[in-house]
There are 2 protein chains.
Amino acid sequence: MTSSAPTPAYRRLSVEERRSQLLDAALGLFAHRAPEDVSLDDVAEAAGVSRPLVYRYFPGGKQQLYEAALRSAADELRHCFDEPREGPLLSRLGRALDRYLAFVDQHDAGFSALLQGGSVVGTSRTTAIVDGVRRAAAEHILRHLDATDPGPRLRMTVRVWITAVEAASLIWLDEGKQPPLDELRDWLVDQFAAVLTATAARDPQTAALVHALAGDV
Amino acid sequence: MTSSAPTPAYRRLSVEERRSQLLDAALGLFAHRAPEDVSLDDVAEAAGVSRPLVYRYFPGGKQQLYEAALRSAADELRHCFDEPREGPLLSRLGRALDRYLAFVDQHDAGFSALLQGGSVVGTSRTTAIVDGVRRAAAEHILRHLDATDPGPRLRMTVRVWITAVEAASLIWLDEGKQPPLDELRDWLVDQFAAVLTATAARDPQTAALVHALAGDV
């Protein structure tokens, strides 16, 4: 909410506000175009500001803009997993997924462009940003599972499920956003319970968690 | 195809043999270095041939070499899924996974470099090659499942499991190839059965397949 009149190009914004305004504009553009096709000039136009201003904020050009947008998206995605440790675990997971999937829905093509590899502006640095989100999500889940010292099988299960969520989101976008989001969310929660239960058959630590989970619903 | 003999000075190989020798050398290098750090000169040295020869085969330079290596790896990976439609389905899946994981084991860092996004030589074309392998794997599995007209839930389940296999392979490499390969293979087969069973709870088509599968073991 802003109290001043909407004259974006001339209204005085703090450096942080301006930066975030420009990143919002960039994310909007990434939703319809591949990152390599978004120029700083496009961002200036979309944000209604002068080109020199955008260049001042992103002197590193397209690559810097892309990385900043990716970082900003990564921060938003990290927040999706902020969930109080209260109530049944699968309901918490469902709420986190609702937020995550809302982000996917909102940014659609931009989500694919930002999180998928294979872009000419992708580098090991951008891969690291995306991997950071995956790692943070895995840590959140393990904390919610009360797994203080998770063994390799449990960690593998959680990490692989997270990439499954990502893959399912990309497929969902690819299929014209079918099935409805709440069905996709329920399916992902089911899948989580299923893969955890499958791992439990071979891993005592996971078995103990699944046992605790069963009493939790 | 060129009609002139490429290298009278060296051992006589056919164009195809020579090309495949160079790609093998490149794949060997990708196993220890990021694709962008592998030059055509390195490939010449590794293959024990002259630099001009390598340049003649890959006039497009590094990018062309990388794409050719990716295509060659993709072909190899596709063959992993060639499995006769005989015997219990989960055993067939286990054998296909054995071949896939042997490829991962053999090419290790090269597998990550080739299949993971985020490389500066990655483009939408290289992404399409990797996606082609995923799609081929999904089609193989659906054919083995005798799913002639797979619905969206079944397709989603199979496609997501395939990315789970990929993610698990990358994590396995990252964790110093732990657990042992046969344990990883069994875990992945278990996961397949588990995710299919979870989908079956909401999807009649998948339920019918799981029912048939149960009588199949």
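Residues numbered from 1 in each chain as written. Chains lettered and ligands numbered in written order. Predicted model: local features only at pLDDT ≥ 70, side-chain atom pairs only at ≥ 80, totals over all residues. Heavy atoms only, no water.

**Some thoughts on the overall build of chain A**
Across its full length, chain A holds nine helices and zero strands. Mapped in sequence order, the helices and strands of chain A form the string α-α-α-α-α-α-α-α-α. For chain A, the share of sequence-separated contacts (at least 6 apart) that also reach a separation of at least 24 residues comes to 66%. A total accessible area of about 10,400 Å² is found for chain A, and carbon and sulfur atoms account for 54% of it. (Helix = DSSP H or I, 4+ residues; strand = E, 2+ residues; numbered from the N terminus. Contact = heavy atoms within 4.5 Å. Areas by Shrake-Rupley, 256 points an atom, 1.4 Å probe, with all protein chains shown as cover.)

**Side note on the packing of helix α1 (residues 15-30) of chain A against helix α2 (residues 40-47) of chain A**
Residues and elements named next belong to chain A. Following both chains from N to C, one finds α1 and α2 inclined at 110°, their axes separated by 9 Å at the closest point. Classified by the angle their axes make, α1 and α2 are roughly perpendicular. Only Asp42, Val43, Ala46 and Ala47 of α2 make contact with α1, whose side of the interface consists of Gln21, Leu22, Ala25, Ala26 and Leu29. Split by residue class, the contact of α1 with α2 holds seven nonpolar, one polar and one charged. (Axes fitted to C-alpha atoms, helices over the stretch in contact; angles between N-to-C directions. Parallel < 35°, antiparallel > 145°, perpendicular 65-115°, else oblique. Nonpolar A, V, L, I, M, F, W, Y, C, P; charged D, E, K, R; others polar.)

**Here we look at the packing of aromatic side chains**
Residues and elements named next belong to chain B. On inspection of all chains with the given rule, the structure shows six aromatic pairs over all chains. On the numbers, 5.9 Å between centres and 80° between planes, the contact of phenylalanine 30 with tyrosine 66 is edge-to-face. Residue phenylalanine 30 is located in helix α1 (residues 15-30), and its partner tyrosine 66 is located in helix α4 (residues 62-80); the two are separated by 36 residues in the primary sequence. Note on accessibility: phenylalanine 30 and tyrosine 66 belong to one class, buried. (Phe/Tyr/Trp six-rings, centres within 6.5 Å; stacked < 30°, edge-to-face > 60°. Buried < 20%, exposed > 50% of the residue type's maximum accessible area, 1.4 Å probe, protein only.)

**Considering the packing of helix α7 (residues 152-174) of chain A against helix α8 (residues 181-200) of chain B**
Relative orientation of the contacting elements α7 of chain A and α8 of chain B amounts to 50°, with a least axis distance of 13 Å. With respect to α8 of chain B, the axis of α7 of chain A lies oblique. Where α7 of chain A crosses over α8 of chain B, the handedness of that crossing is right-handed. Residues Arg153, Met156, Thr157 and Val160 of chain A of α7 of chain A form the contact with α8 of chain B, whose participating residues are Glu183, Leu184 and Trp187 of chain B. (Left-handed = near helix turned anticlockwise from the far one by under 90°.)

**Re the environment of valine 49 of chain B**
Examined against the element boundaries, valine 49 of chain B turns out to sit in the loop between α2 (40-47) and α3 (51-57). A C-alpha to C-alpha distance of 9.0 Å links valine 49 of chain B and leucine 22 of chain B, two positions 27 residues apart in sequence.

**Observations regarding the nonpolar core**
The biggest cluster of nonpolar side chains holds 139 residues, and the ones touching the most others in it are Leu145 and Trp161 of chain A together with Leu145 and Trp161 of chain B. With 13 residues, the single largest contributor to this core is helix α7 (residues 152-174) of chain B. Leave out the neighbours within four places in its chain, and tryptophan 161 of chain A touches Leu93, Leu97, Ile141, Leu188, Gln191, Phe192 and Val195 of chain A. (Core = buried A, V, L, I, M, F, W, Y, C linked by side-chain atoms within 4.5 Å.)

**Brief notes about unusual backbone geometry**
Cis geometry marks the peptide bond from glutamine 178 of chain A to proline 179 of chain A, where omega comes out at -5°. Inspection of the secondary structure puts proline 179 of chain A in the loop between α7 and α8 (181-200). The backbone of lysine 177 of chain B shows a phi angle near 60°, a positive value even though the residue is not glycine. Inspection of the secondary structure assignment puts lysine 177 of chain B in the loop between α7 and α8. Here lysine 177 of chain B falls in the partly exposed class, since its relative accessible area comes to 27%.

**Looking at the confidence of the model for chain A**
For chain A, mean pLDDT is 86; residues scoring 70 or higher make up 89% of the total. Model confidence for chain A, summarised as mean pLDDT per element, is weakest for helix α6 (residues 124-144) of chain A at 86 and strongest for α8 of chain A at 96. (pLDDT = per-residue confidence, 0-100.)

**Remarks on α4 of chain B**
Compared with an ideal rise of 1.5 Å per residue, which puts 19 residues at 27 Å, α4 of chain B spans 27 Å between its outermost C-alpha atoms and is within 8% of the ideal. Listed as buried for α4 of chain B are Leu65, Tyr66, Glu67, Ala68, Ala69, Leu70, Ala73, Ala74, Leu77 and Cys80 of chain B. (Expected span 1.5 Å × (residues − 1).)

**Digging into the pattern of salt bridges**
Applying the stated rule across the entire model yields 30 salt bridges over all chains. Glutamate 83 of chain A serves as the salt-bridge partner of arginine 95 of chain A, at 2.6 Å between the closest nitrogen and oxygen. Linking arginine 95 of chain A in helix α5 (residues 89-115) with glutamate 83 of chain A in the loop between α4 (62-80) and α5, this pair joins segments that are 12 residues apart in sequence. Given a relative accessible area of 36%, arginine 95 of chain A falls into the partly exposed group. Residue glutamate 83 of chain B pairs with arginine 99 of chain B through a salt bridge whose shortest N-O separation is 2.7 Å. (Salt bridge = Lys/Arg side-chain N within 4 Å of Asp/Glu carboxyl O.)

**A closer look at the UniProt feature "DNA-binding region" (unreviewed entry) in chain A**
According to UniProt, the "DNA-binding region" (unreviewed entry) feature falls on residues 39-58 of chain A. With 75% helix and 0% strand, the stretch residues 39-58 of chain A has end C-alpha atoms that lie 11 Å from each other. (UniProt positions renumbered as here; feature names shortened; annotations may be inferred.)

**Some remarks on the environment of alanine 69 of chain A**
Counting through the fold element by element, alanine 69 of chain A comes out in helix α4. A residue is classified by how much of its surface remains accessible, and alanine 69 of chain A, at 0% relative accessible area, is buried.

**Here's the deal with α7 of chain B**
If you check α7 of chain B, its first and last C-alpha atoms are 33 Å apart, about what 23 residues at 1.5 Å a residue would give, namely 33 Å. Positive phi appears at glycine 176 of chain B, one or two residues downstream of α7 of chain B, with a value of about 65°.

**Notes on the environment of arginine 92 of chain B**
Residues and elements named next belong to chain B. Within the fold, arginine 92 resides in helix α5 (residues 89-115). Look at arginine 92 and you get buried, because its relative accessible area is 11%. Residues arginine 92 and aspartate 82, 10 residues apart in the sequence, show an inter-C-alpha distance of 9.7 Å. Here arginine 92 is in contact with Glu83, Pro84, Arg85, Glu86, Gly87 and His144, once residues within four sequence places are set aside. Within polar-contact distance, the side chain of arginine 92 engages the backbone oxygen of glutamate 86 at 3.3 Å. (Polar contact = N/O pair within 3.5 Å; in protein donor to acceptor, adjacent residues only side chain to side chain.)

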